Amino acid sequence: MPGGEARKLDFVGAYRWRDGSRLAYVPMQLGAPSHELWQIDVETGETERLLGPESFPFRIANNDWSISPDGATLAFVSEADRNLWVADLP
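It should be emphasised that the depicted structure is a prediction, and the values quoted were computed from it without experimental measurement.

To continue, consider the environment of Arg18. With respect to the element layout, Arg18 can be found in the loop between strand E1 (13–17) and strand E2 (22–27). Separated by 44 residues in the primary sequence, Arg18 and Asn62 place their C-alpha atoms 20 Å from one another. In contact with Arg18, not counting residues within four places along its chain, are Leu23, Ala24, Gln39, Leu50, Ile67, Gly71, Leu89 and Pro90.

Structure (structure tokens):
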């Protein structure tokens, strides 16, 4: 947001840009059996959970994850099997 004011986002964890206004993030949840992937629209502040344990249980190894350039896909190294996994995002 060129010219916008800095503000603190309400999460602690890892993040990647999904596009010009949406930030995808994995909140730090100590002891959780699965990670979750959320997004925040930095212009409106609206948050949405994209992936969670009910639909797609996953754990990312060593912060090794990426969002595709078009923002449609998550790729990550699985903590469980060390394989590369891909998930389509809503």
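Further remarks concern the sheet that holds strand E6 (residues 73–78). Within the open sheet, the three strands sit side by side as E5-E6-E7. Their pairing is antiparallel. The outermost strands of the open sheet, each flanked by one partner alone, are strand E5 (60–67) and strand E7 (84–88). Strand-to-strand, the axes of this sheet are offset by a mean angle of 25°, without reference to chain direction. Note: E5 against E6, four bridges, orientation antiparallel. Considered in E6, the bridge of Ile60 is made with Ser78.

By the bridge criterion, five bridges tie E1 to E2 in an arrangement that is antiparallel. The partner of Arg16 across the bridge, within E2, is Ala24.

Membership of the largest hydrophobic core comes to 15 residues, with the highest contact counts inside it found for Leu37, Leu51, Phe58, Trp65, Leu74 and Phe76. Those elements that place two or more of their residues in this core are E2, strand E4 (47–51), E5 and E6. A per-element tally of this core places E5 first, with three residues.

Turning our eyes to something else, we now look at the pairing of E6. For E6, a buried count of five out of six residues is recorded, marking the element as mostly surrounded by other parts of the structure. Hairpin remark: E5 followed by E6, antiparallel, with five residues in the connecting loop; positive phi at Gly71, about 75°. The pairing of E6 with E7 spans five bridges and is classified as antiparallel. Bridge pairing in E7 links Leu74 to Ala87.

Mapped onto the elements of the fold, Ser78 is located in strand E6. According to the relative accessible area criterion, Ser78 is buried, its value standing at 7%. Only 3.1 Å separates the side chain of Ser78 from the backbone nitrogen of Ala80, close enough to count as a polar contact.

The next point concerns the pattern of salt bridges. Applying the stated rule across the entire model yields four salt bridges. Taking the shortest distance from any N to any O, the salt bridge between Asp19 and Arg22 comes out at 2.7 Å. Here Asp19 falls in the partly exposed class, since its relative accessible area comes to 31%. Measuring nitrogen to oxygen at the nearest pair gives 3.0 Å for the salt bridge that ties Arg59 to Glu79. Of the two residues, Arg59 is situated in the loop between E4 and E5 and Glu79 in the loop between E6 and E7; the sequence distance between them amounts to 20 residues. Because the salt bridges share partners, they merge into one network encompassing Glu36, Arg49 and Glu54.

Conventions and cut-offs
- Residues numbered from 1 in each chain as written.
- Predicted model: local features only at pLDDT ≥ 70, side-chain atom pairs only at ≥ 80, totals over all residues.
- Heavy atoms only, no water.
- Helix = DSSP H or I, 4+ residues; strand = E, 2+ residues; numbered from the N terminus.
- Contact = heavy atoms within 4.5 Å.
- Pairing = 2+ DSSP bridges.
- Axes fitted to C-alpha atoms, helices over the stretch in contact; angles between N-to-C directions.
- Core = buried A, V, L, I, M, F, W, Y, C linked by side-chain atoms within 4.5 Å.
- Buried < 20%, exposed > 50% of the residue type's maximum accessible area, 1.4 Å probe, protein only.
- Polar contact = N/O pair within 3.5 Å; in protein donor to acceptor, adjacent residues only side chain to side chain.
- Salt bridge = Lys/Arg side-chain N within 4 Å of Asp/Glu carboxyl O.

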